[in-house]
Amino acid sequence: MKILNYLKKHILYLDGSMGTLLQSAGLLPGEYPEKWNLSHPDVITGIHTRYYDAGSNVVLTNTFGANLLKFSPDELEAIVHAAVENAREAARRSSGTQAKWVALDIGPTGRILKPYGDLDFEDAVAVFAATVKAGVRSGADLVFIETMNDSYETKAALLAAKENCSLPVFVSNTYGADGRLMTGASPAAMVAMLEGMGADAVGVNCSLGPNALIPVIEEYLRTASVPVLCKPNAGMPRPQDGKTVFDIEPDEFSLDMAGMISRGVRIAGGCCGTDPEYIRQLVSRTADTDPLPVLPKNITAVSSYTHAVEFGSAPVLIGERINPTGKKLLKQALRDHDMNYLLEEGISQQEQGAHILDVNVGLPGIDEAAVLRDAVCAIQAVISLPLQIDSASPSALASALRRYNGKPMINSVNGREDSMRAVFPLAKKYGGVVVALTLDENGIPATAEGRVAIAGKILSTARKYGIGPKDLVFDTLAMTISADPGSADVALESLRIIRTKLGCHTSLGISNVSFGLPEREFINSAFFIMALEKGLSAAIMNPRSAEMMKAYRAYMALRGMDGDFKEYLSFCSSLPEPAAPASPVRAEAPGSPLPSASPLQEAIIKGLKDRAAELAQSGDPMEIISGDIIPALDVVGKGFERKEVYLPQLLMSAEAAKSAFEKIKCRMPAGSRASVFKSPVVIATVQGDIHDIGKNIVRLLLENYGFPVIDLGKDVSPEAIAEAVIEHHAPVAGLSALMTTTVPAMESTIRLLKEKAPWCRVVVGGSVLTKEYAELIGADHYAKDAMDTVRFAEKIMS
C-alpha cells in the first residue's frame, strides 16, 4: 500500500532517536554517525529492526548529515545506498506485521543561507538535490526533511525534493520555546509556504518535549490541510555518568503523545532521547485510537520569513509604491540597480501600516527577471512583510518566486488561456495566492455578470492545475470613473457577487478609479469604504495617503475590528497638527526607537548597509562608534531579546553596522585602531559537529561590538581549541553544538580548558543544551541566543 493512502485511515508511527542509540553502541566524539552505515551496518540495521519491532511504520535512514558539504560525491552515494539497504534489511528481519516504509532522512546543512550567511540558495538546493537523487536511486519510499530551523533552507530542501523525485515528502521544523524557528517563522508561516509548495505532511520535531510543543502543534492543526506530524524529544537533556539522558520516561512520553493524537496529529514518533521502548509504549497506548480526519481548512494566506497574513478576518492593505509607473525616481533607481531606494520605499510603507508590499519593476530596457529577483531578495532580507510579486512576464515571475522566502501573492493571471497556461504551473510549483483579473481574450466585460463569468472560468481552470479557490483572489478591475461614471458600480457589484456567491476573496487597485480627476484622494477614500462594505478582502493602495488611512482606521473602528480602538488612537496621535508638516509613523520599526535617532542609527536599526556605509564617511570615528553604532546595535539587540525583533533583522542590522565600521576604520590612524577593540574571543563548533549556524551568528555580533574573534570553524578538537585560547590568552571561549552525539566532545573541551587555561571563561550554546545541562558539564555560562553571548563577553571584559 502507498503511504499516503495508508495515512487516510491510520495513524502513522515513526521511529525514535538514532544518535542516542549510536552513543550507547560506542560512537566516539568526533565520529560521523553516517559512516557507520558502511563500517557498522549490523549496528544500524539492528537499531532499525528494534524500531520496526516496536511498531514503527517508518524508519528514517541514518543520513541526517549526509550531504556534499560533508562528503565527496562518491562517499555520499555509498553512504546513502548503504543506509537505505540497512533499513530495508531491518524491515525484512523485523517480526512486526505492520506496514513498513523507509524514509530518506535529510537534515540541515549547518550553514546559513545568504544574505545572512555565505551559502547561496541555489547551492543549497544543489546540495539537497544530490542527497535526494542518491536516495531515489537506492530505493527510498519517501523523503523526510527534518530539524530545519530556517524557513529559507527548508524551502531549498523541499524544492530539491520536488524537483528531483516523485516520492512523498514530509517536512518537519524545529521550534524554540517562543514558538518560532530560529530565523523567526511562525507555525502558520511555515504551513502556508510548505503546503503551498506541495509538502505531503508537515510538522514538528526535536526542540522540546511533547507538552511544551502543544501551542505549536495546535497552530499546525488549525492551519494545515495535510497530515500533521509530531516527533518531539524526551524532554530536556542532561549529562549522567558521561552520557546524555533526558527527563521524560517512556510512560509519560506515550501519555503526552496520546494527547497529541487526540488533538489531530496523524504521524507520531520521537526524537532526541527516545528509543524503541518509547515507540513501543506510544503504539500500545494509541493503536486503537480512531484518528481524526484531515480536513481542508480553506485559509487564504500568504507569508514572509516571520509570519502569515490571512485574508478574511480584516481587510488587508497592499502597499502599491514599489511600482515604476509614474515614478521618475524609482525608474532611475531600477536602471541604476539601486536597491536602497526600493528598501526605503518598502520600509516607509511598512511603517505606515501596510500588511503586504507589491513589488513591480517592469521597465523597458532592463532585465526584468534579474531585477525582480534581486529586488525580492533585497526587500525580504530587510523587511518582514509578505510580498506581492507583480509582473506580466512569466520568466520574471518564475525567477522571483523561486527565491522568495515564504508564500507570496502572485500578480497576476487573467481569463486568457495563454495567461493561465503560463502562471498556474508557477503557482503550483512555488506556492502562492494568485491575483486573478476578471478579463479575457475579449477584454474587460462591461457588466458584473461578464466579470463573474470570467471568475468562474478561472476557478475551473485553476482546479485542473491543482489550485483551489483558497489560493485565488479576484480583482474586479476598478476603472476610472472620469471615462465611465458607471464603472465603479460594475466593479463593486462584481466584487459582491464573487465574495458572496463564489465564496472567494477579492482585491482592487483603489487609485485607478480616480485617474484624470482633481483631489484624487477624496474619490479614492470614498471608493475604498464602498468596496469594504461590499466585502473587499484586500486593497492595493498607497499607505502613505492620509485620507486612505483615515478611511481604513475609521472603518476598522466602526466595524469592531479594532479592539479598544488601539490602532485608531495610535493613528490619530501620529497625525500632524493642522498646518504642520506631516511626520512619518514608525509603527513597525524594529527594536525600541531611539529618541531623536540620527540618520546613521536609523540606517543600522533598519538594516540598510549601503546607507549606513555612506553616512559613516564623515564625523569623528570614535564618536560615531560610541554615539551611533553601539547605541543602534543595542536597540536591535534589546528588541531581539524581547522577541520583538527576529534573527534576520538582527543580522542585517549587524551587517549595516559592519559596513559603517569598515568605512570608519579606513579613516582612523593606524595607531588608534587597536583602541577600538576589546580582548579576543575564541569560538568553535565542537568536534564531530559540522553545524556552525549559531557560531557564525555569534561571530558576526561579537565583531560588531568590537571584539576580535578567533573563529576556529566546525568539527574542532578540544586540543585545538585549548591551543588557540592559550596562544591569544583569550578571556572568553564560546562553544557550540547542535547534535546530542557531540555534547560529550563539548564536555571534554571544557574539562581541558579548565586544566590548560584556567583564566578563560567558557560560554556554550546550541539547541541540545539547557542552563542546567551547561552547568553540569562545567560551562561558566549558558547562552540562550547570540545576544546573550555578547552580553556575557561584555560582562567578563568589564
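Residues numbered from 1 in each chain as written. Predicted model: local features only at pLDDT ≥ 70, side-chain atom pairs only at ≥ 80, totals over all residues. Heavy atoms only, no water.

### A look at the overall build of the chain
Next, step 1: A tally of helices and strands in the chain yields 30 helices and 25 strands.
Next, step 2: Projecting the C-alpha coordinates of the chain onto the three principal axes gives extents of approximately 80 × 75 × 50 Å.
Next, step 3: Considering only residue pairs separated by 6 or more positions, the chain has 76% of its internal contacts joining residues 24 or more positions apart.
Next, step 4: Carbon together with sulfur atoms contributes 52% to the accessible area of the chain, which is approximately 29,900 Å² in total.
Next, step 5: When the 78 basic and 93 acidic side-chain charges of the chain are each reduced to a single mean position, those positions are 3 Å apart. (Helix = DSSP H or I, 4+ residues; strand = E, 2+ residues; numbered from the N terminus. Contact = heavy atoms within 4.5 Å. Areas by Shrake-Rupley, 256 points an atom, 1.4 Å probe, with all protein chains shown as cover. Lys, Arg positive; Asp, Glu negative; His and termini not counted. Charge placed at Lys NZ, Arg CZ, Asp CG, Glu CD.)

### Describing the domain arrangement of the chain
Next, step 1: For the chain, the domain assignment lists domain 1 (3-286), domain 2 (599-667) and domain 3 (681-797).
Next, step 2: Domain 1 and domain 3 are separated by 27 Å when their C-alpha centres are compared.
Next, step 3: Contact with domain 1, which involves 23 residues of that partner, is made by 21 residues of domain 3.
Next, step 4: Counting across the interface, domain 1 meets domain 3 through zero salt bridges.
Next, step 5: Across the contact surface, domain 1 and domain 3 share one residue pair in polar contact (both at pLDDT 80 or more).
Next, step 6: With three residues, strand β8 (residues 237-240) is the largest single contributor of residues to the side of domain 1 that touches domain 3.
Next, step 7: Tallied by class, residues from the side of domain 1 that touches domain 3 come to 13 nonpolar, seven polar and three charged. (Domains from an automatic or database assignment. Salt bridge = Lys/Arg side-chain N within 4 Å of Asp/Glu carboxyl O. Polar contact = N/O pair within 3.5 Å; in protein donor to acceptor, adjacent residues only side chain to side chain. Nonpolar A, V, L, I, M, F, W, Y, C, P; charged D, E, K, R; others polar.)

### Here we look at the sheet that holds strand β7 (residues 228-232)
Next, step 1: Here we have eight strands laid out as an open sheet, ordered β1-β10-β7-β6-β5-β4-β3-β2, and parallel in their pairing. Among the strands making up the open sheet, the edge pair consists of β1 (12-13) and β2 (58-60).
Next, step 2: When β7 meets strand β10 (residues 267-268), the two strands line up parallel, connected through two bridges. Across the sheet, the residue bridging to L229 is I267, located in β10.
Next, step 3: Across the sheet, helix α7 (residues 151-164) lies against β4 (142-148) and β5 (169-173), angled at about 175 degrees from β4, the strand it touches most. (Pairing = 2+ DSSP bridges. Axes fitted to C-alpha atoms, helices over the stretch in contact; angles between N-to-C directions.)

### Considering the pairing of strand β23 (residues 732-736)
Next, step 1: In terms of burial, β23 is largely enclosed, as five of its five residues are buried.
Next, step 2: Side chains V732, G734 and S736 project from β23 onto one buried face, and the interleaved A733 and L735 project onto a second face that is buried too.
Next, step 3: Pairing between strand β21 (residues 681-685) and β23: five bridges, direction parallel. Within β23, the position partnered with T685 by the bridge is S736.
Next, step 4: Across five bridges, the pairing between β23 and strand β24 (residues 761-765) is parallel. Opposite G734, over in β24, you have V763 as the bridge partner. (Buried < 20%, exposed > 50% of the residue type's maximum accessible area, 1.4 Å probe, protein only.)

### Structural notes on the packing of helix α20 (residues 546-558) against helix α21 (residues 566-574)
Helix-helix packing is described using two parameters, namely the angle between the two axes and the distance between the axes.
Next, step 1: At a minimum axis separation of 9 Å, α20 and α21 run at an interaxial angle of 150 degrees. Between α20 and α21, the interaxial angle falls into the category roughly antiparallel. The interaxial crossing formed by α20 with α21 has left-handed handedness. In this structure, α20 uses A546, M549, K550, R553, A554 and A557 to contact α21, whose residues at the interface are E567, Y568 and F571.
Next, step 2: For the contact of α20 with α21, the class distribution of residues is six nonpolar, no polar and three charged. (Parallel < 35°, antiparallel > 145°, perpendicular 65-115°, else oblique. Left-handed = near helix turned anticlockwise from the far one by under 90°.)

### Describing the pairing of strand β15 (residues 387-390)
Next, step 1: Taking every second residue as pointing to the same face, both faces of β15 are buried, with L387 and I389 on one and Q388 and D390 on the other.
Next, step 2: With helix α14 (residues 368-382) bridging strand β14 (residues 356-359) and its parallel neighbour β15, the resulting β-α-β unit is right-handed.
Next, step 3: Judged from the three bridges that link them, β15 and strand β16 (residues 409-414) form a sheet pairing that is parallel. Within β16, the residue paired with Q388 across the bridge is M409.
Next, step 4: Viewed along the sheet, the connection from β15 through helix α15 (residues 394-403) into β16 turns out right-handed. (Right-handed = clockwise from strand over helix to strand, strands pointing away.)

### Here's the deal with the confidence of the model for the chain
Next, step 1: Per-residue confidence for the chain gives a mean pLDDT of 93, with 96% of residues at or over 70.
Next, step 2: The low-confidence segment residues 579-592 (pLDDT under 50) makes 26 contacts with residues lying over four places distant or belonging to another chain. (pLDDT = per-residue confidence, 0-100.)

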